[in-house]
Amino acid sequence: RYSISDNSSTDIYELKQGNLIHFSYSSSDNIFAIITIHKDNKQYIDILTPDGTLISSNKIEYPPEISEFRLIYPDFDQINKQLVFGTGKQLFTLSFEGKINKVDFPLNETMGSIKFHPNGKKLLLIKGPYDSDIASLSRIGAKQKESLLQTNKDHEYITIERSIVGEEHGIFQPNGNLIAFSSERSGEYQLWITDGVHPYQISNFPIDTYIR
C-alpha cells in the first residue's frame, strides 16, 4: 500500500515461500484476490482483506483446455462473486475455491486485457490480432553500425517471416540454418520452421495452446 500524502509504502501481504503473480481488488466486497505460486510449484488463489489477513487459499484446478503451467491474470466479476480471465479466444471464470469453468463466449479473434466496469455490468477487452514479425540483425561494431544507419537504414535488419498476425519466439537451429518460430497465420498459434524462404507448420495444437 502506497500513501500519496506522506510518500510512504507498507507491505500488505508477503508470501514466505513462493511468488506473487497477480492481484485484483473488489471494491464491493473489500477483498483482494491474489494469484500465487506456492512452494509446491502449483498456482493458488489467495483471498485477503485489505489489512493482509488471509481468508482462504486454494489450489487452482486447471481444466484440460489450459496448461497447468500457464499464468493467469483474472479480474473481479463483482456481481457474481467470482473472477474472469481469458486465454486468447476462450473466456473462463475462476471461483474463490480455485474452480475454473469455461464461459460460452465465442470469438474468432484473440482477446486480452479483460477488465470489468466498477458497476460490474460492463466488460472491457482488447480484441484482434497482434502483428509482429521475425527479423534478423547482424552483430556489428558501433562505428560500423553508425555508418550503416547513415547510408541505408533499410539494411539494419532483414525481415525473415511476416504475416498480418503474430510471429514470435524465433530461435536458431543449433549447428544448422533453420529458424523455428511460433505463428498465428494458420488461425491458431502453432510452431513453424523456415529456411528463410519456405516456412512450414510442424504442430497442430488445440485452441489457445500456451507456446513458448
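Residues numbered from 1 in each chain as written. Predicted model: local features only at pLDDT ≥ 70, side-chain atom pairs only at ≥ 80, totals over all residues. Heavy atoms only, no water.

**Student:** Break down the overall build of the protein for me, citing the residues and quoting the values.
**Tutor:** Along the protein, the regular secondary structure elements total one helix and 18 strands. Looking at the protein alone, contacts between residues at least 24 apart form 34% of all its contacts between residues at least 6 apart. Accessible area for the protein stands at about 13,900 Å²; split by element, carbon and sulfur atoms hold 52% of it. (Helix = DSSP H or I, 4+ residues; strand = E, 2+ residues; numbered from the N terminus. Contact = heavy atoms within 4.5 Å. Areas by Shrake-Rupley, 256 points an atom, 1.4 Å probe, with all protein chains shown as cover.)

**Student:** Lay out the sheet that holds strand β18 (residues 200-201) in plain terms, naming residues and giving numbers.
**Tutor:** The four strands are arranged β15-β16-β17-β18 in an open sheet whose pairing can be described as antiparallel. The two strands at the open ends of the sheet, each matched to only one other strand, are β15 (167-172) and β18. The sheet contact formed by β15 and strand β16 (residues 179-183) spans four bridges and is antiparallel. Note on β16: the bridge partner recorded for Glu167 is Ser183. (Pairing = 2+ DSSP bridges.)

**Student:** Go over a nonpolar patch on the surface with me, naming the residues and quoting the values.
**Tutor:** Together, Leu191, Tyr200, Ile202 and Phe205 line one region of the surface with nonpolar side chains, adding up to about 360 Å² of accessible area. Within the secondary structure, Leu191 sits in strand β17 (residues 190-194). Judged by relative accessible area, which is 31%, Leu191 ranks as partly exposed. (Patch = residues over 30% accessible without salt bridge, like charges linked within 9 Å, V, L, I, M, F, W, Y side chains within 5 Å. Salt bridge = Lys/Arg side-chain N within 4 Å of Asp/Glu carboxyl O. Buried < 20%, exposed > 50% of the residue type's maximum accessible area, 1.4 Å probe, protein only.)

**Student:** Which residues make up the side chain of Ser132, and what values do they have?
**Tutor:** By secondary structure assignment, the location of Ser132 is in the loop between β12 (123-127) and β13 (134-137). Under the relative-accessibility criterion, Ser132 is labelled buried at 14%. Reaching out from Ser132, the side chain makes a polar contact with the backbone oxygen of Glu167 at a distance of 2.9 Å. Every residue in contact with Ser132, bar those within four places of it in the chain, is listed here: Val165, Gly166, Glu167 and Glu168. (Polar contact = N/O pair within 3.5 Å; in protein donor to acceptor, adjacent residues only side chain to side chain.)

**Student:** A description of the pattern of salt bridges should follow, citing residues and the corresponding values.
**Tutor:** Counted under the stated rule, the structure contains six salt bridges. The shortest N-O distance in the salt bridge between Lys99 and Glu61 comes to 3.0 Å. Separated by 38 residues along the polypeptide, Lys99 in the loop between β9 (91-94) and β10 (100-103) and Glu61 in the loop between β6 (54-59) and β7 (75-77) bring together distant segments of the chain. For Lys99, a relative accessible area of 39% gives the class partly exposed. Judged by its relative accessible area of 42%, Glu61 falls in the partly exposed class.

**Student:** An account of the environment of Lys99 is needed here, citing residue identities and associated values.
**Tutor:** Along the primary structure Lys99 and Tyr62 are separated by 37 residues, whereas in three dimensions their C-alpha atoms are 7.7 Å apart. When neighbours within four sequence positions are excluded, Lys99 is seen to be in contact with Glu61, Thr93 and Leu94. A distance of 3.0 Å separates a polar atom in the side chain of Lys99 from a polar atom in the side chain of Glu61.

**Student:** Run through the sheet that holds β9, naming residues and quoting values.
**Tutor:** Sheet architecture is open: four strands sit in the order β7-β8-β9-β10, paired in antiparallel fashion. Strands at the two margins of the open sheet, each flanked by one partner only, are β7 and β10. Mean inter-strand twist for the sheet, computed between neighbouring axes without regard to direction, equals 35°. In this structure, β9 lies alongside β10, joined through four bridges in antiparallel fashion. Its bridge partner being in β10, Thr93 is matched across the sheet by Asn101. (Axes fitted to C-alpha atoms, helices over the stretch in contact; angles between N-to-C directions.)

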